[in-house]
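Working through the structure, step by step
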Amino acid sequence: MNSKFKKTMGAGVALVLMAACFFPAIAGAFPAGDPMKDKVDGRKGHRRPVLGFWRNAQLIQKLGLTDEQVKQVRDADFSFREKHLALRYQLDGLHLQMDKAFSADTVDRAVVRQLAEKIADLQGQRFVQDVESHLALVEMLNKDQIDQLKMYEKRQQRHDRKQGAKRVPDKTGEQQTPIDE
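Residues numbered from 1 in each chain as written. Predicted model: local features only at pLDDT ≥ 70, side-chain atom pairs only at ≥ 80, totals over all residues. Heavy atoms only, no water.

**What about the overall build of the protein?**
Of the regular secondary structure elements, the protein holds five helices and zero strands. For the protein, the succession of helices and strands along the chain, N to C, is α-α-α-α-α. Counted over contacts in the protein with a minimum sequence separation of 6, partners at least 24 positions apart contribute 58%. For the protein, the exposed surface amounts to about 13600 Å²; the carbon and sulfur share of it is 57%. (Helix = DSSP H or I, 4+ residues; strand = E, 2+ residues; numbered from the N terminus. Contact = heavy atoms within 4.5 Å. Areas by Shrake-Rupley, 256 points an atom, 1.4 Å probe, with all protein chains shown as cover.)

Next up, the structure:
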């Protein structure tokens, strides 16, 4: 009787463990794919760098980029990402200091304001870097390539938002044809 009880108990424990593992997945607690796939460093609200498209060989071919253009975009991408990382780490450090300042027994308003000003300055620098990356792209590609890239990005944004819903007409009222169709 004792061994039968152990077998029943073991089977029950296994069943409970399986249920704990599979029911959340079935209920959609863990969505398929990577929900942060197009987020830089996995944080919510961040987009892929504008120059990162050089990794998409199919898009490069459809845009008709030359080898020299691909090399320029790739080099600029790495350069801008290095600068962006440096600023991000500085911002993370300042946010940590801000948390520390707010969690002190007595909050020093002057210190918090100084940290806030530094954070705002670094965020401004990041914005300027993003604008510079867009300007660099304009210098590397011709007008048709830029227009096609914009159309591709709009299509990706719509796809990410609506996951296969109807196409939205552009400003002229005409439906845009995506690059890869």
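**A look at the side chain of Gln 145**
Among the structural elements, Gln 145 can be located in helix H5 (residues 143-162). Here Gln 145 falls in the buried class, since its relative accessible area comes to 5%. A distance of 2.9 Å separates a polar atom in the side chain of Gln 145 from a polar atom in the side chain of Gln 69. Apart from the residues within four sequence positions on either side, Gln 145 is in contact with Leu 63, Gly 64, Leu 65 and Gln 69. (Buried < 20%, exposed > 50% of the residue type's maximum accessible area, 1.4 Å probe, protein only. Polar contact = N/O pair within 3.5 Å; in protein donor to acceptor, adjacent residues only side chain to side chain.)

**Observations regarding a nonpolar patch on the surface**
A grouping of Phe 127, Val 128, Val 131 and Leu 135 is seen on the molecular surface, where their side chains present a nonpolar patch of about 370 Å² in accessible area. Mapped onto the elements of the fold, Val 131 is located in helix H4 (residues 109-140). (Patch = residues over 30% accessible without salt bridge, like charges linked within 9 Å, V, L, I, M, F, W, Y side chains within 5 Å. Salt bridge = Lys/Arg side-chain N within 4 Å of Asp/Glu carboxyl O.)

**Regarding H5**
Taking 1.5 Å of rise per residue, the 20 residues of H5 would be expected to cover 28 Å, and the 28 Å separating its terminal C-alpha atoms lies within 8% of that figure. Within H5, the full set of buried residues consists of Gln 145, Ile 146, Leu 149, Tyr 152, Arg 155 and Arg 158. Taken together, the buried residues of H5 touch helix H2 (57-63), helix H3 (67-102) and H4. One side-chain oxygen at the N-terminal end of H5 lies 3.1 Å from the backbone nitrogen of Asp 144; it belongs to Asn 142. (Expected span 1.5 Å × (residues − 1).)

**Overview of the pattern of salt bridges**
One pass over the structure, following the stated rule, counts four salt bridges. Close ionic contact of Asp 75 with Arg 74 constitutes a salt bridge, the shortest N to O distance being 3.9 Å. Look at the salt bridges and you will find they share partners, linking Lys 71, Arg 74 and Asp 75 into a network.

**Things to note about the side chain of His 84**
Inspection of the secondary structure assignment puts His 84 in helix H3. Here His 84 falls in the buried class, since its relative accessible area comes to 17%. Those residues in contact with His 84, other than ones at most four positions away along the chain, are Arg 126, Gln 129 and Asp 130.

**Examining the nonpolar core**
Counting residues in each nonpolar core, the largest one holds 18 residues, and the members touching the most others are Phe 53, Leu 65, Val 73, Leu 137, Leu 141 and Leu 149. The element that contributes the greatest number of residues to this core is H3, accounting for four residues. In terms of nonpolar packing, the next biggest core, distinct from the first, is built from nine residues, Leu 91, Leu 115, Ile 119 and Leu 122 among them. (Core = buried A, V, L, I, M, F, W, Y, C linked by side-chain atoms within 4.5 Å.)

**Notes on the packing of H3 against H4**
Closest axis-to-axis distance for the H3/H4 pair is 10 Å, and the angle between their directions is 170°. Here H4 runs roughly antiparallel to H3, going by the angle between their axes. Broken down by class, the residue content of the contact of H3 with H4 amounts to 18 nonpolar, 10 polar and six charged. (Axes fitted to C-alpha atoms, helices over the stretch in contact; angles between N-to-C directions. Parallel < 35°, antiparallel > 145°, perpendicular 65-115°, else oblique. Nonpolar A, V, L, I, M, F, W, Y, C, P; charged D, E, K, R; others polar.)

**Focus on the confidence of the model for the protein**
Averaged over the protein, the pLDDT score is 75; the fraction of residues at 70 or greater is 64%. Under a pLDDT of 50 for its full length, residues 174-181 has, in the predicted model, 21 contacts with residues more than four places off or in other chains. (pLDDT = per-residue confidence, 0-100.)

**With respect to the environment of Leu 91**
Mapped onto the elements, Leu 91 comes out in helix H3. Classification of Leu 91 as buried rests on a relative accessible area of 4%. Counting along the chain gives 24 residues from Leu 91 to Leu 115, while the straight-line C-alpha distance between them is 10.0 Å. Discounting residues that sit within four places of it in the chain, Leu 91 has contacts with Ile 119, Leu 122, Gln 123 and Arg 126.

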